[in-house]
Amino acid sequence: MLGGSSACSDGNGSKKGPSPSSGSANGNAASGSTAPSSAPANDLQAKYQQVVRNVLPSVVQITTPNGLGSGVVYDDKGNIVTNAHVVGQATTFEVTLPNASKPVPAKLVATFDPDDLAVIRLDNPPPDLKPARFADSSKLQVGQITMAMGNPLGLDSSVTEGIVSAIGRTVSEPENSGSSGATISSAIQTSAAINPGNSGGALVDLDSQVIGIPTLAATDPETQGGAAAGIGFAIPANTVKSIADQIIKNGKVDNSGKAALGVTVRTVAGSSGRTAGVGVVSVQDGGAAKAAGIQRGDVITSIDDQPITDVAALSEVLGGKQPGDRVKVSLVRAGDGGKATVDVTLGELKS
């Protein structure tokens, strides 16, 4: 589901310490020098270990007919939040809890593909189920230490570490049989290793709180799509909480915070064979496009002067907008091929 790997956090696995002195032991003692204290390193190590003890019991392995991923225990009622692409088309699952002797059956509650999130529910939650604590991700700072917990490559209960490399990224997932090609806005970029099977797990801070759900690792086009080491992305905790709460309460999402144009589209090619925009396949009744006069067969070529060459480009542009924003949409009209620009007040994406 994701790519990239890292054998050890510092590149070679060695511990770095003070260089040996060129003087004799007696000479150092005589000079009154004191060996550097290892207390700060020990304190940080103890903190890491405490976070692992606090959070790892809340991270589960989810097995579907098509593979496996990770999930995070959301509450004591057996609700588990994960990625929609981990769930795929499945509706029943086997969930392996930490230190459990056998998997627990679970069923799908609902998915919300635009944010690549899903909630599944254990059929018979154990009494000792431990929900994770979720942070306020709006308070994240670049440079914060993070730890990614999940089941990469089927290696259950694995932990990697890194930092928050950037915040507020807009990234699009590749569209394939297991993913609808969601565009994640306000994504957290992290250097913690994200590998296949980490999807849906926990990205946590040193306060033992989940700051995000790992969902995507960057790929390097120069290596024909191989993983770009040290570049992974997570859905921020505030988005996770908002979507999961709505799914658990209503079985659907009515308040996504994501802008919508209200159209179904497909990528179209120009006379040169290159992508030249997105063709409108259908227009949603009561949606933003309908109100602006956009019609089936129109081809959208730009929004606010940002070129729209394919479906992914449209998703990325809309990912940077808010419901209620007014945008200028440039079109090639169906039928006569004339060019037009219309003002659109964006709606809100719902389940």
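Preceding this paragraph is the structure being described.
Residues numbered from 1 in each chain as written. Predicted model: local features only at pLDDT ≥ 70, side-chain atom pairs only at ≥ 80, totals over all residues. Heavy atoms only, no water.

**Student:** Tell me what's going on with the sheet that holds strand β6 (residues 117-122), and back it up with residues and numbers.
**Tutor:** Read around the closed barrel, the 6 strands follow the order β1-β2-β3-β6-β5-β4; overall the barrel is antiparallel. Ignoring strand direction, the axes of neighbouring strands in this sheet form an average angle of 40 degrees. Both strand β3 (residues 79-82) and β6 contribute to a ladder of 4 bridges, which runs antiparallel. Counted as the bridge partner of isoleucine 80 is isoleucine 120 from β6. Packing against the sheet, helix α4 (residues 237-250) makes contact with β3, β5 (104-112) and β6, and its axis sits at approximately 50 degrees to β6. (Pairing = 2+ DSSP bridges. Helix = DSSP H or I, 4+ residues; strand = E, 2+ residues; numbered from the N terminus. Axes fitted to C-alpha atoms, helices over the stretch in contact; angles between N-to-C directions. Contact = heavy atoms within 4.5 Å.)

**Student:** Give me helix α2 (residues 39-55): which residues, what numbers.
**Tutor:** Taking 1.5 Å per residue as the helical rise, α2 with its 17 residues ought to reach 24 Å, and the 24 Å between its terminal C-alpha atoms agrees with that figure. For α2, every residue scored as buried is listed here: Tyr48, Val51 and Val55. On an axial view of α2, the arc spanned by its buried residues comes to 65 degrees, and they lie on one face. For α2, the exposed residues set more than 90 degrees away from the buried face come down to Asp43 and Arg53. Check the buried side of α2 and you find it contacts β1 (59-64), β7 (145-150), β8 (158-172) and β12 (202-204). (Expected span 1.5 Å × (residues − 1). Buried < 20%, exposed > 50% of the residue type's maximum accessible area, 1.4 Å probe, protein only. Arc of directions from axis to C-beta.)

**Student:** Summarise the nonpolar core; cite the residues concerned and give the values.
**Tutor:** Core analysis: the biggest nonpolar cluster contains 35 residues, and Val72, Val81, Phe134, Val204 and Val210 have the highest contact counts within it. Of all the elements, α4 adds the most residues to this core, at 5 residues. Ignoring anything within four residues of it in the chain, the contact list for valine 210 reads Val72, Ala132, Arg133, Phe134, Ala135, Ala202, Leu203, Val204 and Ala237. (Core = buried A, V, L, I, M, F, W, Y, C linked by side-chain atoms within 4.5 Å.)

**Student:** Can you lay out the sheet that holds β8 for me, pointing to particular residues and giving the numbers?
**Tutor:** Within the closed barrel, the 6 strands sit side by side as β7-β8-β11-β14-β13-β12. Their pairing is antiparallel. Mean inter-strand twist for the sheet, computed between neighbouring axes without regard to direction, equals 50 degrees. Against the sheet, α4 makes contact with β13 (210-220) and β14 (226-236), and its axis sits at roughly 50 degrees relative to β14, the strand it touches most.

**Student:** Give me the environment of threonine 239: which residues, what numbers.
**Tutor:** Within the secondary structure, threonine 239 is located in helix α4. Residues threonine 239 and leucine 117 lie 122 residues apart in sequence; the distance between their C-alpha atoms is 9.3 Å. Setting aside residues no more than four positions away along its own chain, threonine 239 makes contact with Asp115 and Leu117.

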